[in-house]
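# Fold and contact review
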Amino acid sequence: MKFIKEITPKGLLLPVTAARLAGFNAGDKVEYHTLDGAMLVLKGRMSAPELLAVVQQLTSTSAQLLHYLSEVCGPCEDCDKDSCPYNDFEEEAVQVNEYLREAAGIPDGAKLCAEVDEEAHTITVLAAEHRYDLRDLPADLLETFMVVGACLGRLEEHLIAEDTVYGG
Ligand SMILES: [Zn+2]
């Protein structure tokens, strides 16, 4: 079940109803696991069936979140096939040696893009202005998005823009 709460200066107070629904009893010890963008409150003591039930529910929650994002991106249908990397996405990063990168004043870790001039036979390597793109997606997640037919082009647009895709 989902509850919406605002974090106050005193912290995040979880309603007793939520604790009861989660099967926590008065006096139970709980564990907080802080993740990047999420918090997980686990029962401090669990039996094997309880622990497995938690694992299954977490897996299903991840699947729901991924499904949500794939719905936001929509199916890859009538988008421009040239710009949508759905068909021929290659996970190859542009690489230059450290000396050249430093000489160009490009910070370490910046994403690199290459522009090709076929007539002049030159390749210009430049630092991308965005922080995230499809190259940041672990292979299994990328595979999941491809299997459901979600538009990777739109997914990449959201990664680059870092706009809100969940919640208001
Ligand atoms: Zn597409």
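Because the structure is predicted, anything quoted here is derived from the model rather than measured. (Residues numbered from 1 in each chain as written. Predicted model: local features only at pLDDT ≥ 70, side-chain atom pairs only at ≥ 80, totals over all residues. Heavy atoms only, no water.)

In terms of helices and strands, the chain carries 5 helices and 4 strands. Starting at the N terminus and ending at the C terminus, the chain contains elements arranged as α-β-β-α-α-β-β-α-α. Compactness check: the chain gives a C-alpha radius of gyration of 22 Å against a globular reference of 15 Å for 168 residues, more than 25% above the reference. With respect to the three principal axes, the spread of C-alpha positions in the chain is 75 × 40 × 35 Å. Per-residue burial over the chain gives 17% buried out of 168 residues. Of the contacts made within the chain by residues no fewer than 6 positions apart, 43% connect residues no fewer than 24 positions apart. For the chain, the exposed surface amounts to about 13200 Å²; the carbon and sulfur share of it is 54%. Charged side chains of the chain number 13 positive and 30 negative; the gap between the two group centres comes to 19 Å. (Helix = DSSP H or I, 4+ residues; strand = E, 2+ residues; numbered from the N terminus. Rg over C-alpha atoms; globule rule 2.2 N^0.38 Å. Buried < 20%, exposed > 50% of the residue type's maximum accessible area, 1.4 Å probe, protein only. Contact = heavy atoms within 4.5 Å. Areas by Shrake-Rupley, 256 points an atom, 1.4 Å probe, with all protein chains shown as cover. Lys, Arg positive; Asp, Glu negative; His and termini not counted. Charge placed at Lys NZ, Arg CZ, Asp CG, Glu CD.)

We now examine the environment of Arg135. Tracing the sequence through the fold places Arg135 in the loop between β4 (122–127) and α4 (139–147). Each C-alpha atom, one on Arg135 and one on Phe145, is 14 Å from the other, the two residues being 10 residues apart in sequence. A polar contact is formed between the side chain of Arg135 and the backbone oxygen of Leu112, at a distance of 3.2 Å. (Polar contact = N/O pair within 3.5 Å; in protein donor to acceptor, adjacent residues only side chain to side chain.)

All right, on to the nonpolar core then. Formed by Cys73, Leu134, Leu137, Leu142, Phe145, Ala150, Leu152 and Leu155, the largest nonpolar core amounts to 8 residues. Setting aside anything within four residues of it in sequence, one finds Cys73 in contact with Cys151, Arg154, Leu155 and His158. (Core = buried A, V, L, I, M, F, W, Y, C linked by side-chain atoms within 4.5 Å.)

A surface patch of nonpolar side chains, amounting to about 580 Å² of accessible area, comprises Ile7, Leu12, Leu14, Val30, Tyr32 and Met39. Topologically, Val30 is positioned in strand β1 (residues 30–35). (Patch = residues over 30% accessible without salt bridge, like charges linked within 9 Å, V, L, I, M, F, W, Y side chains within 5 Å. Salt bridge = Lys/Arg side-chain N within 4 Å of Asp/Glu carboxyl O.)

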